[in-house]
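Structural overview
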Amino acid sequence: MTVVSTNLVPSLAVDVLESLPIGIWVADVNGIITWANQALGTQIGVPRDALVGRSCEDLPANKVLTLYPVAEVYHVPGAALDTDRWLECIAGNVAMTVGRAARVGCLWDVTHYERARTRRGLVLGVQDPAKIDAASGLLTQQAVLAALVAEVSRSRRYDNPLAILVIRVWPTGEGQAGHSDDRVNSAVVRIAAFLKGRLRWVDITGCWNRHNILAVLPETGLESAQGFMHKLRDEMYRHGLIDAAIEINLGVTAWRKGDDAMSLVDRVAKHMAVNTDPGTYCAAV
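Here's what I pulled together on the structure shown here. (Residues numbered from 1 in each chain as written. Predicted model: local features only at pLDDT ≥ 70, side-chain atom pairs only at ≥ 80, totals over all residues. Heavy atoms only, no water.)

Let us look at the overall build of the protein. The helix and strand tally for the protein stands at seven helices and 11 strands. Within the protein, contacts between residues separated by at least 24 positions form 56% of all contacts whose residues are at least 6 apart in sequence. Of the accessible surface of the protein, which amounts to about 15,300 Å², a share of 57% is contributed by carbon and sulfur atoms. (Helix = DSSP H or I, 4+ residues; strand = E, 2+ residues; numbered from the N terminus. Contact = heavy atoms within 4.5 Å. Areas by Shrake-Rupley, 256 points an atom, 1.4 Å probe, with all protein chains shown as cover.)

Laid out in structure tokens, this is it:
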């Protein structure tokens, strides 16, 4: 009879971690990286020895806001567009020995998903330029509504979770109409570019009208959409996208039985209509 052992000698454990095609770091209780495999250095684009001694929260890559509640996404810029890398990271605490804990992170390459998302947008624009709003680069209202109708149909058939996010952009104070229009248009363009870089490749974003951006979030429940909305607003402030000249309101809702595409949009619109303070969170349940 063959006896199966669940124990790994340290040398074999290190060999296993080194051979995995994903990046791995191990940090101490203070979050300082004490070990990293070669794959992580290759992914990030720096020698792995340069990662040891750094905080695991301070990897030399750009952290990207995403909808995923348990994973972080990093963007590693390359010398050219096709050399950019997108890495997804899941980390957790583990007990190494009795009384000694550590944090382990695993990163894998999701660049192909990001490229698929980009290609989808490019192909859509080439196939039917009329579906793309020329100013913002987002889908037009008609195109994003068609996408929302299709996702609602999937939710009705398979009971898949679905949420939408609305970003309302409005000029503050008084002033000439032309100046207000310019402020809104400029803000919508900036926010559109910012948002596109922070959504998953399956998400769909469009200009609902000159004041509102609508994002369709398939496979997303209300709780995840709310968390993303809060983090998104904080990131927008941090990157200077919200200033004294512009008011930003955000609203989310999730599909429920009986909803059609317009009832989702109307529900968010009604909540946002009665919550007009700048930066208000409008979560429709």
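With respect to the helices and strands, His-211 occurs in the loop between β8 (204-209) and β9 (212-218). Polar side-chain contacts of His-211 include one of 2.6 Å to the side chain of Arg-210. Beyond its immediate chain neighbours, meaning those up to four positions away, His-211 contacts Ile-167, Arg-168, Val-169, Trp-170, Pro-171 and Val-184. (Polar contact = N/O pair within 3.5 Å; in protein donor to acceptor, adjacent residues only side chain to side chain.)

Once that is clear, we can look at the packing of helix α4 (residues 141-158) against helix α7 (residues 261-274). Put simply, α4 and α7 touch, their axes get as near as 8 Å, and they point 110° apart. For the element pair α4 / α7, the angle class is roughly perpendicular. Along its contact with α4, which presents Leu-145, Leu-148, Val-149 and Val-152, the element α7 presents Ala-261, Met-262, Leu-264 and Val-265. Along the lines of polarity and charge, the residues of the contact of α4 with α7 split into eight nonpolar, no polar and no charged. (Axes fitted to C-alpha atoms, helices over the stretch in contact; angles between N-to-C directions. Parallel < 35°, antiparallel > 145°, perpendicular 65-115°, else oblique. Nonpolar A, V, L, I, M, F, W, Y, C, P; charged D, E, K, R; others polar.)

So, on to the nonpolar core. Nonpolar side chains in soluble globular proteins tend to be buried together. Leu-165, Ile-167, Val-169, Leu-232, Met-236 and Ile-248 are the most contacted members of the largest nonpolar core, which has 30 residues in total. At seven residues, the largest contribution of residues to this core is made by helix α5 (residues 177-196). The residues touching Val-169, leaving out its near neighbours within four places in the chain, are Val-184, Ala-187, Val-188, Ile-191, His-211, Ile-246, Glu-247 and Ile-248. Judged by nonpolar contacts, the second largest core, of 19 residues, contains Leu-148, Val-216, Trp-255 and Val-268. (Core = buried A, V, L, I, M, F, W, Y, C linked by side-chain atoms within 4.5 Å. Buried < 20%, exposed > 50% of the residue type's maximum accessible area, 1.4 Å probe, protein only.)

It is worth spelling out the pairing of strand β1 (residues 23-27) at this point. Counting buried positions over the five residues of β1 gives five, a clear majority of the element. Burial of β1 is two-sided: the residues Gly-23, Trp-25 and Ala-27 facing one way and the residues Ile-24 and Val-26 facing the other way are all buried. Both β1 and strand β2 (residues 33-36) contribute to a ladder of three bridges, which runs antiparallel. Note on β2: the bridge partner recorded for Trp-25 is Ala-36. Hairpin connection between β1 and β2: a loop of five residues separates the two successive antiparallel strands, and Gly-31 in this loop has a positive phi of roughly 80°. (Pairing = 2+ DSSP bridges.)

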